[in-house]
Amino acid sequence: MRSQICRSARTILSAASKQASRSFSGGRAAAAALTFRGRVQALSSSGSFESGNAFRGWISGVLAIPAAAYMLQEQEAHAAEVLEFPHLILMEQTFIAIKPDGVQRGLISEIISRFERKGYKLVAIKILVPSKDFAQKHYHDLKERPFFDGLCDFLSSGPVIAMVWEGEGVIKYGRKLIGATDPQKSEPGTIRGDLAVVVERNIIHGSDGPETAKDEIKLWFKPEELVSYTNNAEKWIYGVN
């Protein structure tokens, strides 16, 4: 009887090992363990094992080792990735546009330099004169506001510098760099606080959230117009060695 138990155990362990090996590669270690435990349960309840409870406990311990080891390995790999490349986890993109008044006043380099000095990376840029129809698509969320037409007329009145900036927290902090919509309420040190006077001519636009950024980038740029590259300064900005 004992030799029969050993042979049965070896057969089950071999099958479970193969199944677990396949499952681990796809992150399904728990599923393999549950399947194997089910086989042990059925075998012990049929009377093939004299001490089913003890054997099930031993099998559970055996199965827990590779499953736990696999999960620990994944956690360690993830932690190592975060430590080595912390910016890769939180990297995001935002849409920034210098409006016709900012272009006409010669503020392009001033505005770009503020984002560069912060440590953000420019991954797309172009100059264009948007059509009225295009401006309406950009400001579609404001179409019910009384100033909608005037806003669209102004955006389409001259050249606009459209840009995509990339970096950790660039959407939220990009808005801080820009300042409040009304320059009179913008803090000194912000772009609008330092360079603009009235809300009708506030020189710059920036995405106000992740979904808006995604939609605006898609509206203004084709995917192939965005450039992916490593900035040599990133190791000094994010601590990547």
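For the structure, see preceding data.
Here the structure is a predicted model, which is why all the values come from computation and not from measurement.

The subject of this paragraph is the sheet that holds strand S4 (residues 204–206). Spatially, the 4 strands line up as an open sheet ordered S2-S3-S1-S4, and their pairing is antiparallel. A single partner strand is all that each edge strand has here, and the edge strands are strand S2 (121–128) and S4. Strand after strand, the sheet turns through a mean of 20 degrees between neighbouring axes, direction not considered. The pairing of strand S1 (residues 91–98) with strand S3 (residues 160–168) spans 8 bridges and is classified as antiparallel. Residue pairing for S3: Gln 93 is matched across the bridge by Glu 166. Helix-sheet contacts for helix H6 (residues 108–118) involve S1, S2, S3 and S4, and the interaxial angle to S3 is about 10 degrees.

Turning our eyes to something else, we now look at H6. By the burial criterion, the buried members of H6 are Ile 111, Ile 112, Ser 113, Arg 114 and Phe 115. Directly after H6, the chain includes Gly 119, whose backbone phi takes a positive value near 115 degrees.

Okay, the pairing of S1 next. Pairing of S1 with S4 involves 3 bridges; the strand directions are antiparallel. Looking at the pairing, Ile 98 lines up with Ile 204 of S4.

The phi dihedral of Ile 203 is positive, around 60 degrees, even though this residue is not glycine. Within the secondary structure, Ile 203 sits in the loop between helix H10 (191–195) and S4. Residue classification places Ile 203 among the buried residues on the basis of a relative accessible area of 0%.

The next subject is the pattern of salt bridges. Taken as a whole and judged by the stated rule, the model has 7 salt bridges. For Asp 194, the salt bridge identified is with Arg 114, shortest N-O distance 3.1 Å. Residue Asp 194 is located in helix H10, and its partner Arg 114 is located in helix H6; the two are separated by 80 residues in the primary sequence. Under the relative-accessibility criterion, Arg 114 is labelled buried at 13%. We note a salt bridge from Asp 133 to Lys 137, for which the minimum N-O separation is 3.7 Å. You can see Asp 133 and its partner Lys 137 sitting in helix H7 (residues 132–138), 4 residues apart, about one turn around the helix. The exposure class of Lys 137 is partly exposed, given its relative accessible area of 47%. Linked through salt bridges whose partners overlap, the residues forming this network are Glu 110, Arg 114 and Asp 194.

Criteria and cut-off values
Residues numbered from 1 in each chain as written. Predicted model: local features only at pLDDT ≥ 70, side-chain atom pairs only at ≥ 80, totals over all residues. Heavy atoms only, no water. Pairing = 2+ DSSP bridges. Helix = DSSP H or I, 4+ residues; strand = E, 2+ residues; numbered from the N terminus. Axes fitted to C-alpha atoms, helices over the stretch in contact; angles between N-to-C directions. Contact = heavy atoms within 4.5 Å. Buried < 20%, exposed > 50% of the residue type's maximum accessible area, 1.4 Å probe, protein only. Salt bridge = Lys/Arg side-chain N within 4 Å of Asp/Glu carboxyl O.

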